[in-house]
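# Residue-level structural notes
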Amino acid sequence: YIILLKVTSLYKIKFINHACMMIEDEKHAILVDPWFTGKVFNDSWSLLRDTDLSLINFDKLSHIFISHEHPDHLHWATLKKIQEYSNKQIFVVSIKRENKNIKEAVQKIGFKHAELLAGRRTKITDRLWVSQFPTGHDSAFVFEADDKVILNQNDCKLSREQCFLIKQKYKKIDLWLMQFGLAGYYANSNDKQGLKDAKQKHINLINTYYDFFKPSCFVPFASYVYFCKKYNYFLNEWQVTPAEISERCVMPTQFVFYGDEILYENYESRNDENIIKWSDTYDSKKEILAPKKIDNVEIIKAFKNFTFGNDYSVPEKFYIELFDNDKIFLCDLKNKNYNFIHTSEKAIVRTSMEELLCFVKYPWGADTLNITSCFDMLDKQKFKNVLMWKDSLYKR
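Residues numbered from 1 in each chain as written. Predicted model: local features only at pLDDT ≥ 70, side-chain atom pairs only at ≥ 80, totals over all residues. Heavy atoms only, no water.

## Description of the pairing of strand β18 (residues 325–332)
Every other side chain in a regular strand lies on the same face of the sheet, so the side chains alternate between the two faces. Burial runs high along β18: six of the eight residues are buried. Pairing of strand β17 (residues 318–322) with β18, which is carried by four bridges, proceeds in the antiparallel orientation. Within β18, the position partnered with leucine 322 by the bridge is asparagine 325. The hairpin turn running from β17 into β18, its antiparallel successor, is two residues long. Bridge analysis of β18 against strand β19 (residues 337–341) gives five bridges, and the strand direction is antiparallel. (Buried < 20%, exposed > 50% of the residue type's maximum accessible area, 1.4 Å probe, protein only. Helix = DSSP H or I, 4+ residues; strand = E, 2+ residues; numbered from the N terminus. Pairing = 2+ DSSP bridges.)

Quick look at the structure:
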């Protein structure tokens, strides 16, 4: 999802945590993608630091904008916490979608819910407007307020067509916020070259979008997490850091730390100080979670309960190796045959029992597994086909 904001000097934009920022004037406070505490993606990602709630004026909070449903952007425990702290009616705003599960869950918590139509300019307050540009599962918001425009591209991979559309509508972008770090599977844990290439790919992507949009200032964003499970912790060694962005991206860049107000001038005045702060934060001691112990019977039961109707595109029989089980899991969806066996057949992937359970148990399980990166691909094409098939069953 991408977010463009146009804001006057009376509006302040404050960095809260990870992908969360607050837009605030004397009357209103608006949050974007709040995630305050806890772990996400089957407990495989953690914030570098929990959120300081004193940074947020809950009395003025009127809207929460959700770019997409990934839990580091749509975090249900955080929404429940906000509802506890607030004493007024708040709108949660997301893109219009066929599946109404988000709308229903938001209303159950006690919020009002509003849906934005793609590309339609919508008034939020007297001086603040918003548009949203969906791209696949993600989307981009454009907030306009007075004479400033802020593009929060977040982790949205904008298509060429949407880049041109945004550029056509917004000739000058004052601030551009974009993900800068690794966020999911890129290569197996022992593939040093693949992981090195992934870092360079992210840096190249930043440069490509910057060259197109030509914003006045780039704000690295939405990557302040660490990978906290035994089988994805290796990614932390390859994560892109603010220090590397500073060294390898030649553009006006502003590094913000928790609670910082994003500046419209003197962009680089705090950079040296904040790069040191981020380096210390990344280097601090981190918790590593071992996979939860899952029984064979629980896995088999979850697969037997898994339904996919009369889907004739179901993958052929495949095998899965487990980090924490000496047997191979046989998955024959067509014949509904699931078992743990000893076999010399080649597996398509190696993962943990906990990730396998999440994969089959939840409609979004394939997407979650891919983002955890708690696996090694053994047959790249066959495993990708299984992931895409499972994910296609979830109607967003």
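## What about the pairing of strand β8 (residues 91–95)?
Burial analysis of β8 places four of its five residues in the buried class, which makes it a mostly covered element. Across three bridges, strand β7 (residues 61–65) lies against β8 in parallel orientation. Residue pairing for β8: isoleucine 64 is matched across the bridge by valine 92. In this fold, β7 hands off to helix α1 (residues 76–85), which returns the chain to β8; that crossover is right-handed. Note: β8 against strand β9 (residues 112–116), five bridges, orientation parallel. Following the sheet pairing, isoleucine 95 is matched in β9 by leucine 116. Considered for its hand, the β-α-β crossover made up of β8, helix α2 (residues 101–109) and β9 is right-handed. (Right-handed = clockwise from strand over helix to strand, strands pointing away.)

## What to know about the sheet that holds strand β16 (residues 225–227)
Taking strand neighbours across the sheet as the criterion, the three strands line up as β5-β6-β16 in an open arrangement whose pairing is antiparallel. Pairing within the sheet leaves two strands with one partner each, and these edge strands are β5 (39–40) and β16. Bridge analysis of β5 against strand β6 (residues 45–47) gives two bridges, and the strand direction is antiparallel. When the bridges of β6 are listed, lysine 39 appears paired with serine 46.

## Points about the packing of aromatic side chains
Counted by the stated rule, this structure contains 32 aromatic pairs. Ring geometry for phenylalanine 15 and phenylalanine 221: centres 6.2 Å apart, planes at 70°, overall edge-to-face. In this pair, phenylalanine 15 sits in strand β2 (residues 12–17) while phenylalanine 221 sits in strand β15 (residues 218–221), placing the two residues 206 residues apart along the sequence. For the pair shown, phenylalanine 15 and phenylalanine 221 are each scored as buried. When the ring of phenylalanine 306 is compared with that of tryptophan 389, the centres are 6.0 Å apart and the planes differ by 80°; the resulting orientation is edge-to-face. Of the two residues, phenylalanine 306 is situated in the loop between α7 (296–305) and β17 and tryptophan 389 in helix α10 (residues 380–392); the sequence distance between them amounts to 83 residues. With respect to class, phenylalanine 306 is no different from tryptophan 389; both count as buried. Members of the aromatic cluster, connected to one another through ring pairs, are Phe15, Phe180, Phe221, Tyr224, Phe257, Tyr258, Trp278 and Tyr282. The ring of tyrosine 264 is capped by lysine 148, whose NZ or CZ atom sits 5.2 Å from the centre of that ring. Over the ring of tyrosine 226 we find lysine 286, and its NZ or CZ is 5.6 Å from the ring centre. (Phe/Tyr/Trp six-rings, centres within 6.5 Å; stacked < 30°, edge-to-face > 60°. Lys NZ or Arg CZ within 6 Å of the ring centre and 35° of its normal.)

## Looking at the sheet that holds β2
The pairing of strands in a sheet comes from backbone hydrogen bonds and takes either a parallel or an antiparallel form. Across the sheet, six strands lie side by side as β2-β3-β4-β7-β8-β9; this open sheet has mixed pairing. Looking at which strands have only one partner, the edges of the open sheet turn out to be β2 and β9. Here the strands of the sheet are splayed against their neighbours by 25° on average, with no regard to which way each runs. (Axes fitted to C-alpha atoms, helices over the stretch in contact; angles between N-to-C directions.)

## Digging into the pattern of salt bridges
One pass over the structure, following the stated rule, counts 22 salt bridges. Salt-bridge contacts for lysine 123 lead to aspartate 126; the nearest nitrogen and oxygen are separated by 3.7 Å. Taking the relative accessible area as the measure of exposure, lysine 123 reaches 47% and is therefore partly exposed. Among the ionic pairs, aspartate 391 bridges to arginine 396, the shortest N-O distance being 3.0 Å. Take aspartate 391 and arginine 396: they sit in the same class, and that class is buried. (Salt bridge = Lys/Arg side-chain N within 4 Å of Asp/Glu carboxyl O.)

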